[in-house]
Structures are given as C-alpha cells and as structure tokens.
Amino acid sequence: MSEGRGRHFLQIPGPSPVPERILRAISRQVIDHRSPEFKRLGQEVLEGSRAIFKTSGPVVIYPSSGTGAWEAAIVNTLSPGDKVLMVETGHFATLWRRMAERWGLEVDFVPGDWRHGADPDIIETRLAEDRRRTIKAVMVVHNETSTGVTSRIAEIRKAIDRANHPALFMVDTISSLGSVDYRHEEWEIDVTVSCSQKGLMLPPGLGFTAISEKAMAASKTNKMPRSYWDWGEMLKPNANGFFPYTPATNLLFGLREAIAMLLEEGLDHVFARHQRLAAATRAAVRAWGLEILCLTPSEYSPVLTAVMMPSGHDADQFRQIVLERYNMSLGAGLTKLAGRVFRIGHLGECNELVLLAALAGVEMGLSAAGTPHRGGGVAAAMAELGLSQRDAAMTRKAVAG
Ligand SMILES: *Cc1c(COP(=O)(O)O)cnc(C)c1O
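Since this is a predicted model, take the numbers as computed values, not measurements.

Visitor: Is there a simple way to think about the sheet that holds strand 5 (residues 135-141) in this case?
Guide: Two orientations exist for strands paired in a sheet by backbone hydrogen bonds: parallel and antiparallel. Here we have 7 strands laid out as an open sheet, ordered 2-10-9-8-5-3-4, and mixed in their pairing. Lying at the two open borders of the sheet, with one neighbouring strand each, are strand 2 (59-62) and strand 4 (106-110). On average, adjacent strands in this sheet sit at an angle of 20 degrees to one another, irrespective of strand direction. Where strand 5 lies against strand 8 (residues 168-172), 5 bridges are found, and the strand directions are parallel. Across the sheet, the residue bridging to Ala 137 is Leu 168, located in strand 8. The strands touched by helix 4 (residues 91-102) within the sheet are strand 3 (83-87), strand 4, strand 5, strand 8 and strand 9 (191-195), with strand 4 carrying the most contacts at an inclination of about 160 degrees. On the sheet, helix 5 (residues 120-129) packs against strand 3, strand 4 and strand 5 and is oriented at approximately 170 degrees with respect to strand 5.

This is the structure we're talking about:
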C-alpha cells in the first residue's frame, strides 16, 4: 500500500489539481466585501472572466458548483411548460435534463449512445420541424465529462441558424472552459454555464453564467420564480465590482490568479497543450490495445479520455488498485458506464511529465489488475509527444545541421 505516500496524482476530469500560484493567492486573510480593495478585485475578475468566455457581455459569478449555474440558466430565461431541446450525450446531459423537468420544462431529449457528440443535423431537423416555434431553448453539453466526447458547438450554432429558429442556445462548458476553444460571443451563445474546478484550476465553489443580450431580454419577461439566482439582482452591484450577497472572496483571489495564468500562457497555447496531451493519451490507449469510448475522432475530448475495460474486467476494481499502489485517482464510469470505463483526466495544470507519470500508473495498474493489454503505452505517448509538429520541425532542422 503506497496510498498516502508521496504526491497524490489527481487525474480525474475535475476537480483538477490546483496550481501552487493559485493556492498561494487563495491562502490569505479574507477582506471586507464592501471595501475599495474588494471593488478592485470584483472589477478585475468580472472583466477577466469575459476574456476567458470570449464575450463583451456580462458574466455572473455565483458561490456555487456547476449545477447551481445550470439552475441559474434555466430560472432566468424560461417559463414553466416551455419546451426545450436537449441531447443525450451522457451522464451530465441526463442530469441537466432531470433538472429541466423538475423546473416544469417539457424536454425533447434526443437519444444518444454516450459515444457521440450532439449531432448538428438532428438539431437542425428538429428545429425545422418545429413550425410553430414552440421550442424555447436548445441546451447542449460542450464537453461531456462522463464520456470524453466534445460536441461541435460552432456547427450546432450554424444548424440553428439554418433552421432559422429563434430558440435560445445554452451551453454547459463546465469541463471545457479554459481547456477547449470556446467563443461565447462569436458563436452567439445565449447562456454559457461553467464552474471553477475543472479547466480554471480552482477549488470547487464558483459557478458562472455568461449572458447574451437575447438571454437578458428573456430574463425580463420569463415566468420562472427565482430569488438567489436572479441575474438582475447580481448585475446591479456587479456594475461597480460588488456583489449583492457575501461572495466567495478567497476563491475570487484564486480566480484572478487563474485568469492571469491562462492569459500569460495564451488561450490558444493552453488549448494546443490540451490537444497534444490528449493525443498522447490516445496513443497510449491504442498501444495497450484498449478501446477509446468516443467513436468520432473529430469529437475526441482534449480534457479527458474515457477508456473501455475489456469485458469481464471491472474498471472500479482496477481504479482501486491504482489508488492503493500508486496513489493516483482516476475517474470512475458514471451511471450507465459504471464499472465499464475509467477516465484519465489531462486538464488544467497538466503537462507532459505529469501525463507520462499518470500513464505509467495506468500501465502498471493494468498489469497489477490482470487486465489483458499490451505494454508500450507510455512509450507510444512519448513518441506522440515527440512528434508534435513543432518538435518534428525542430528535429528535422537539427538533423539537417
Ligand atoms: C462536473 C460537471 C458538472 C457538474 O458540476 P458540479 O460542479 O459538480 O455541480 C456538470 N456538467 C459537466 C459537463 C461537468 O463536467
């Protein structure tokens, strides 16, 4: 048993490890949330969040998990009895649907096999068939964290436009924001939902909604009851950097640092790093002879890779062995996938050497658990990392002398 010795490897797809810089930013005395010092902090994080969501419009920050931000999106824009279109991409889409139903929405839930993203063509067809324009919102999970499948949000936007349908477009970017290219304004998203503990590298505790003008207009006339989640209540004091209720002040210190880190590295570089690490992970999985859950290469998640266990082998037993022997947490299969898949998180602060260590832990764990597989996964990942375009060009140049 080595659990508890050395560094713990938190390789689940959120919460992701919190960088030292962010831990230090959070670890300080709390301040008066009505003070001039707070006002500066509030203005900085509200402004900085816009850069991460890529919007010039308002971003509301709640002390909540991502689920709270889902609720805020629903209660601020829709009315009981409204029809919404959702897509069964996996566990999280299914939970969002359940919440929508609890709020009295009528959900048209496009069935899915948990191995593909939301299909833009099906969304276009459903909207085109809705001649009376009864569908009030299309709600899609960008990165389905239970499956490692990323839906093509820009293409879904185009599909909605082709159908010439006025529905609001709401997107859950809880596990993609800050890791995968996302453009709230350019893609004309109406409500983008996110939270702190995944790509933003913060501890759990902050929920976000980015809001379009169209969503804001809907919030003026919709009939859903709300109080704590009300956007209007938040936006009034936000205009001066303040919050109507006590904010999660120390998490906002962390958020300021996280935004600085993402912008210093450059969002495009952050996204490219996630793509590179994900490709290396898939190279390892293929070398092991195991199957990647996601079936469409253009939908592979840059954030996590869900790996199918060979039939007759229990993914949870394997994860238990990895935790006990190598002090590493891997993501579990959720609901329909329980025991059948394990998930490798490669998001946030992750880099090449962290990933290779994690893959070594998986490879050793597969042996320890007696899971049928081939060796060489770590070597395949190293080769893939060495073969990134830039490295290949540099190697060619060095060889050419
Ligand atoms: C983690 C996650 C959620 C749930 O967020 P909580 O912070 O646990 O409420 C919802 N959607 C997606 C895509 C997620 O990854």
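Visitor: Mind showing me how you'd approach the site of the ligand here?
Guide: The ligand sits among 14 residues. The nearest are Ser 65, Thr 67, Thr 145, Asp 172 and Lys 198. Here Gly 66 contributes a backbone N or O atom positioned 2.8 Å from an oxygen atom of the ligand. Within the side chain of Asp 172, a nitrogen or oxygen atom sits 2.7 Å from a nitrogen atom of the ligand. For the ligand, the protein covers 87% of the area, taking 390 Å² as the surface of the free molecule. The element contributing the most residues to the shell around the ligand is helix 3 (residues 66-77), with 3 residues. In terms of residue class, the shell around the ligand is built from 5 nonpolar, 7 polar and 2 charged.

Parameters and conventions
- Residues numbered from 1 in each chain as written.
- Predicted model: local features only at pLDDT ≥ 70, side-chain atom pairs only at ≥ 80, totals over all residues.
- Heavy atoms only, no water.
- Pairing = 2+ DSSP bridges.
- Helix = DSSP H or I, 4+ residues; strand = E, 2+ residues; numbered from the N terminus.
- Axes fitted to C-alpha atoms, helices over the stretch in contact; angles between N-to-C directions.
- Contact = heavy atoms within 4.5 Å.
- Near = heavy atom within 4 Å.
- Polar contact = N/O pair within 3.5 Å; in protein donor to acceptor, adjacent residues only side chain to side chain.
- Areas by Shrake-Rupley, 256 points an atom, 1.4 Å probe, with all protein chains shown as cover.
- Nonpolar A, V, L, I, M, F, W, Y, C, P; charged D, E, K, R; others polar.

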